[in-house]
Amino acid sequence: MTIDDFNFKDQKALIRVDFNVPINERFEVTDTNRIEAARPTIIKILEDGGSAVLMSHFGRPKGKFEPDMSLSHIVETVSEIIGVRVKFVGDCIGEKVAQAISELENGEILLLENLRFYAEEEAGDRAFAEKLSHWGDIYVNDAFGTAHRPHASTTVVASFFPGKKCFGYLLAKEIKAIDTVMKTGEKPVTAILGGAKVSSKIPIIENILGKIDHLIIGGGMTYTFVKALGGSVGDSICEPDQTDLALKILEKAKALGVQVHLPVDVVAADRFDNEAATRVLPVNAIEDGWQGLDAGPESLNNFREVILKSKTILWNGPVGVFEMPNFSKGTIAVGDFVAEATAKGAFSLVGGGDSVAAVKQFGFEEKVSYVSTGGGAMLESLEGRVLPGIAAILDA
Ligand code: AMP
């Protein structure tokens, strides 16, 4: 059931959004992406002739009222972005809310107070979820960032809306992007996996190996693979206890016909510092006292060739220490290649963790097909897990 299957005329939509946005010390929203991302869903409901009741968490207040974490701080910003004056009520359950809901007219938006002022929210408490369910005729989940949490407002509340629940446009887009990479995307399918540690990416690798044609490995995880293959990695980040697993992954990839592309050269530094001395070294001959902090030029050429012939691309994790300008070139180059492939018609999804930050920082956001809005939720999806917030909508 999608949001387009519903007409919201004279209906109150109870929408779980993710308005957990960053704010500065003057309580100004410093990144409005998440609010903008919820706009299409809210507008559709208002244009149909219905009203919208928005609920979200904000920060980590640990089950009690914290003035700094009141959603009242973002009402102005939400009003500006949606283009409608948003009403606010200082609670998410109880009499005050009942009153505000009864006064809500078609075309209006009401924002409820931070759900996490109640410990029952994160506990997934059923009685609390039932109280929330009174605020709408149709439940819409548009909060991908919390879809991996079995909380009251993200999961449990859905059971009170049999036949009257759906994903919002944002959540639907996230699901479609994951499905494209995992199931429906045109071949060749390439996954670019970077980041610091192999251990944190193993569940993803295990899940995607059967679904991809090429696996590009970059970043800190490179060195565990190189060490497993008998190379010298010097002082590079490495997890010696994961080398057996790294070999097993390579064997499994071979058995499945997946081509694995490891860096062949690296930009090595004499210390973990932007101002360190650097040398380009073969990836398997890094001397002690030196550590690989970025992909080298020959590696990037190889990556380019693979990325440009791909029709479906998943990118998770930077290929170097992109936070330091002198070791960000590899990650920027990969961004360029993914953008180039996308311009030629490939589908590209960037998701889960630091690659999203890198893509935003270096201005690739508009040049890739989709940048996920959920870190943990995207990682769990890539691991092949069914997210509770998604399952709750799909349940009858
Ligand atoms: P992750 O959250 O697993 O995607 O890891 C991202 C982090 O990996 C970033 O903070 C990068 O700086 C770091 N990283 C990438 N390449 C390396 C490397 N060669 N050595 C150390 N850290 C790295």
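Computed from a predicted model, the values in this text were never measured in an experiment. (Residues numbered from 1 in each chain as written. Predicted model: local features only at pLDDT ≥ 70, side-chain atom pairs only at ≥ 80, totals over all residues. Heavy atoms only, no water.)

### What about the overall build of the chain?
Inference 1: Looking only at helices and strands, one finds 14 helices and 17 strands in the chain.
Inference 2: Taken over C-alpha atoms, the radius of gyration comes to 23 Å for the chain, in line with the 21 Å a tight globule of 396 residues would show.
Inference 3: The C-alpha extent of the chain, read off along each of the three principal axes, is 70 × 45 × 35 Å.
Inference 4: Residue burial in the chain is summarised as follows: out of 396 residues, 56% are buried.
Inference 5: Looking at the chain alone, contacts between residues at least 24 apart form 73% of all its contacts between residues at least 6 apart.
Inference 6: Just so you have it, the chain exposes about 16600 Å², and 50% of that area is on carbon and sulfur atoms.
Inference 7: Of note, the chain has its 40 positive side-chain charges centred 3 Å away from the centre of its 55 negative side-chain charges. (Helix = DSSP H or I, 4+ residues; strand = E, 2+ residues; numbered from the N terminus. Rg over C-alpha atoms; globule rule 2.2 N^0.38 Å. Buried < 20%, exposed > 50% of the residue type's maximum accessible area, 1.4 Å probe, protein only. Contact = heavy atoms within 4.5 Å. Areas by Shrake-Rupley, 256 points an atom, 1.4 Å probe, with all protein chains shown as cover. Lys, Arg positive; Asp, Glu negative; His and termini not counted. Charge placed at Lys NZ, Arg CZ, Asp CG, Glu CD.)

### Some words on the domain arrangement of the chain
Inference 1: We note that the domain assignment places domain 1 (3-167) and domain 2 (174-382) within the chain.
Inference 2: With seven residues of domain 1 at the interface, the matching set in domain 2 holds 13 residues.
Inference 3: Both sides together, the interface formed by domain 1 and domain 2 hides about 710 Å², and carbon and sulfur atoms give 67% of it.
Inference 4: On the domain 1 side of the contact with domain 2, Asn33, Phe144 and His148 bury the most area, a combined 72% of that side's loss.
Inference 5: Summed over the shared surface of domain 1 and domain 2, the result is zero salt bridges.
Inference 6: Taken together, domain 1 and domain 2 are joined by zero residue pairs in polar contact (both at pLDDT 80 or more).
Inference 7: Among the residues making up the side of domain 1 that touches domain 2, the classes are represented as two nonpolar, three polar and two charged. (Domains from an automatic or database assignment. Buried area = accessible area lost by both parts, 1.4 Å probe. Salt bridge = Lys/Arg side-chain N within 4 Å of Asp/Glu carboxyl O. Polar contact = N/O pair within 3.5 Å; in protein donor to acceptor, adjacent residues only side chain to side chain. Nonpolar A, V, L, I, M, F, W, Y, C, P; charged D, E, K, R; others polar.)

### Here's the deal with the environment of methionine 55
Inference 1: Residue position: methionine 55 is located in strand S2 (residues 51-55).
Inference 2: A C-alpha to C-alpha distance of 9.2 Å links methionine 55 and leucine 132, two positions 77 residues apart in sequence.
Inference 3: Methionine 55 has contacts with Leu14, Ile15, Arg16, Val17, Leu112, Leu115, Leu132, Tyr139, Ser153 and Val157, leaving out every residue within four places of it along the chain.

### What to know about the site of the ligand
Inference 1: Near the ligand you find 15 residues, and of these Ala196, Gly220, Gly292, Glu323 and Asp354 are the closest.
Inference 2: A distance of 2.4 Å separates an oxygen atom of the ligand from a polar side-chain atom of glutamate 323.
Inference 3: Coverage of the ligand by the protein chains reaches 82% of its 500 Å² of free accessible surface.
Inference 4: Looking at the shell around the ligand residue by residue, the classes come out as six nonpolar, six polar and three charged. (Near = heavy atom within 4 Å.)

### A word on the pattern of salt bridges
Inference 1: Taken as a whole and judged by the stated rule, the model has 17 salt bridges.
Inference 2: In this structure, the salt-bridge partner of arginine 385 is glutamate 380, at a minimum N-O distance of 3.8 Å.
Inference 3: Here arginine 385 falls in the partly exposed class, since its relative accessible area comes to 47%.
Inference 4: Look at the salt bridges and you will find they share partners, linking Glu25, Arg26 and Glu28 into a network.

### Observations concerning the nonpolar core
Inference 1: With 64 residues, the main nonpolar core has Leu112, Leu132 and Leu215 as its most contacted residues.
Inference 2: Among the elements that line this core, the one with the most residues is helix H6 (residues 169-184), at seven residues.
Inference 3: Lining this core are residues from two domains, each supplying at least three of them: domain 1 (3-167) and domain 2 (174-382).
Inference 4: If we ignore the near neighbours within four places in the chain, the residues touching leucine 132 are Leu14, Met55, Cys92, Ile93, Leu115, Ser153 and Val157.
Inference 5: With 30 residues, the next largest nonpolar core counts Phe19, Ala38, Val75 and Ile138 among its residues. (Core = buried A, V, L, I, M, F, W, Y, C linked by side-chain atoms within 4.5 Å.)

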